[in-house]
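Examination of the molecular architecture
Spelled out from the first residue to the last, the chains are:
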Amino acid sequence: MKVVCLSGGVGGAKLVAGLHDVLGAGELTVIGNVGDDLEVLGLHVSPDLDSVLYGLAGLNDTERGWGRAGETWQALESARAWGGEDWFMLGDRDLGLHLVRTQALRSGERLSEITERLVRTTGLATRLLPVTDDRVRTHVVTPAGRFAFQEWFVARRHEDEVDALLYEGAEDATPAPGVVEALESADTIVIAPSNPFVSIHPILAVPGITRAVEARRARSVAVSPLIGGKAVRGPLDRMMLRLLGGTSPAHVKRCYEGLLDVLVIDGADASATSDGHVVVTDTLMDDRDAARRLARTTLEAAMDGTS
Ligand code: GDP
Ligand code: CA
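Residues numbered from 1 in each chain as written. Chains lettered and ligands numbered in written order. Predicted model: local features only at pLDDT ≥ 70, side-chain atom pairs only at ≥ 80, totals over all residues. Heavy atoms only, no water.

What to know about the sheet that holds strand E2 (residues 28-32)
In plain terms, the rule: Pairing between strands requires that DSSP locate at least two bridges from one strand to the other. Here a strand is any run of E in DSSP of at least two residues, a helix any run of H or I of at least four, and the numbering for each starts at the N terminus. Between the N-to-C directions of two axes lies an angle of 0 to 180 degrees, each axis being a line fitted to C-alpha atoms and, for a helix, fitted only over the stretch in contact. A contact between two residues is defined here by any heavy atoms of the two lying within 4.5 Å.
Overall, parallel pairing links the seven strands, which are arranged E5-E2-E1-E9-E10-E13-E14 in an open sheet. The two strands at the open ends of the sheet, each matched to only one other strand, are strand E5 (127-130) and strand E14 (278-281). Within this sheet the neighbouring strands show an average axis-to-axis angle of 20°, counted without direction. Against the sheet, helix H2 (residues 47-57) touches strand E1 (3-7), E2 and E5, its axis set at about 175° to E5. On the sheet, helix H12 (residues 288-304) packs against E1, strand E9 (188-191), strand E10 (219-223), strand E13 (262-266) and E14 and is oriented at approximately 140° with respect to E10.

What follows is the structure, given as C-alpha cells:
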C-alpha cells in the first residue's frame, strides 16, 4: 500500500511516526512544509522537516515537545554572549544538522536531495520530501502588522490575533521532484493533525499540489488537530475562532474543502457533529503506541470511507 502524508512539524510528526511503524518498509512518503523555514545565525533551518525527521528517528524530546532529546544549549549561550541573535532556540545537537544542511545548500544541493540524504543516514525506509525546493515563507497579518511566521510564533509568542495568512513565494514555486508523482500514485492520502493555516495550507499553496489531491484516485483522510475544540498546544483554536468562527469538526473540514473523503475526530468532539463522513476515536498521541493506534484507525477510516 502506498500512503502519502502531508505534515507540518510536531503535531504531524507524531502521526507520521505512527504511520511509519504500522506500514511496511517504503510504503510511506511524507510531504513536508517549508513555510516555517528561516535563516538563524547564517544557517538554514527547516523546523517542520526536522520535527518529522527527529520524530521518525526517535531523536525527539517528548517532554519538551520539540527539538532533540538530551539537548544542550552551549553554542546558543556563546552566540548570545558574543552579541549574536538568540531569539530562536537552537540546541547544540540540533545545530549539527543545520550546519550540514546549510553547507550542502551552499554547495548547490537541493533541499529535497539533502533531506533524502539525511533520512537515509538514519536508515529509515520512509521517504520525506519538502513540498518544494523553492523558497516559500508564511507571513501572518495581525492587528499589530505583518510578521514573518517565526517572528510572530517565537519572538512574539503568537500572542497577536491572525486576520490573514500569506504564503510568500508559493505561487512561483515548483513541487520538488517526486511530490506530485507520489500523490498521483498513492492509495491513501493522509493529512496529519497539523495546524491547517500554518502547516498544511502552505503545502497546498504550491501550484499542482491542491489539484493533485482534488484529482486523487486515492482515498483521503485528515486527522483533526483539535480535541474538544481546543488545540493540544499552540494557537490553532484561537486562529480558527477568528478566521472561521468556530472549532467544530465542520470548521476543520472547511479547511480542506474538496480534499477529504473522511475526517478522524476525537471522542470529545463527537457530540459537535452529526456528519456521516467522520470516524470517532481517541486522537491524543501521548506516546508512540497511541500514535500507532491512531495511525491504524486513520488508515482503516480511509479504506472504509464512513463508519
Ligand atoms: P508545528 O509545525 O510544530 O507547529 O506542528 P503541526 O502544525 O504539525 O501541529 C500543531 C497541531 O498539532 C496543533 O494544532 C495541535 O493541536 C496538534 N496536535 C499536537 N499533538 C496532538 C495529538 O496528540 N493529537 C492531535 N489530534 N493533535 C495534536
Ligand atoms: Ca511548523
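Resuming the write-up.
What to know about the site of ligand 1
Short version of the rule: Think of it this way: one heavy atom of a residue within 4 Å of a molecule or strand is enough to make that residue near it. Polar contacts, as counted here, are pairs of nitrogen or oxygen atoms within 3.5 Å of one another; within protein the pair requires one atom able to donate a hydrogen and one able to accept it, and residues that are adjacent in sequence qualify only if both atoms are side-chain atoms. Areas reported here follow the Shrake-Rupley algorithm with a probe of radius 1.4 Å; residue values treat only the protein chains shown as occluding. Gly is put with the polar residues, along with every residue not named as nonpolar or charged; the nonpolar set is Ala, Val, Leu, Ile, Met, Phe, Trp, Tyr, Cys and Pro, and the charged set is Asp, Glu, Lys and Arg.
Within the structure, ligand 1 sits among 20 residues, and Ser194, Ser199, Pro225, Val232 and Thr283 are positioned closest to it. Glycine 9 is positioned such that a nitrogen or oxygen atom in its backbone is 2.9 Å from an oxygen atom of ligand 1. Here an oxygen atom of ligand 1 and a side-chain polar atom of serine 194 are 2.6 Å apart. Alone, ligand 1 offers 600 Å² of accessible surface; in the complex the protein occludes 91% of this. A total of four residues in the shell around ligand 1 trace back to one element, the largest contributor, which is helix H1 (residues 10-22). Residues that form the shell around ligand 1 fall into these classes: eight nonpolar, nine polar and three charged.

A closer look at the side chain of asparagine 33
Definition in use: We call a residue buried when its accessible area falls under 20% of the maximum for its residue type, exposed when it is over 50%, and partly exposed in between, using a 1.4 Å probe and counting protein chains only.
Within the element layout of this structure, asparagine 33 appears in the loop between E2 and strand E3 (38-40). In this structure asparagine 33 comes out as buried when scored by relative accessible area, which is 0%. There is a polar contact of 2.8 Å between the side chain of asparagine 33 and the backbone nitrogen of glycine 35. Excluding residues that lie within four positions of it along the chain, asparagine 33 makes contacts with Ser7, Gly8, Asp48, Leu49, Val198, Ser199, Pro202 and Ile203.

Comments concerning the packing of H1 against H12
Let me state the cut-off plainly: Every angle not falling under 35 degrees, over 145, or within 65 to 115 is termed oblique; those three ranges are roughly parallel, roughly antiparallel and roughly perpendicular.
Viewed as axis vectors pointing N to C, H1 and H12 meet at an angle of 75°, and their least axial separation amounts to 7 Å. Here H1 is positioned roughly perpendicular relative to H12, judged by the angle of their axes. The segment H1 lies against H12, with Lys14, Leu15, Ala17, Gly18, Leu19, His20, Asp21 and Val22 engaging Arg288, Ala291, Arg292, Leu294, Ala295, Arg296, Thr298 and Leu299. Tallied by class, residues from the contact of H1 with H12 come to eight nonpolar, three polar and five charged.

Details of the pattern of salt bridges
Condition: We define a salt bridge as a side-chain nitrogen of Lys or Arg found within 4 Å of a carboxyl oxygen belonging to Asp or Glu.
Summed over all chains, the structure comprises 16 salt bridges. Between arginine 64 and aspartate 61 there is a salt bridge, with the nearest N and O atoms lying 3.6 Å from each other. By relative accessible area, arginine 64 is classed as partly exposed at 25%. The exposure class assigned to aspartate 61 is buried, which follows from its relative accessible area of 14%. In this structure, the salt-bridge partner of aspartate 187 is arginine 217, at a minimum N-O distance of 3.6 Å. In this pair, aspartate 187 is assigned in the loop between helix H7 (179-185) and E9 and arginine 217 in the loop between helix H9 (209-214) and E10, connecting sequence segments 30 residues apart. Among the residues examined, aspartate 187 registers a relative accessible area of 33% and is labelled partly exposed. Residue classification places arginine 217 among the exposed residues on the basis of a relative accessible area of 57%. Overlapping salt bridges, with partners in common, bring together Asp21, Arg288, Asp289 and Arg292 in one network.

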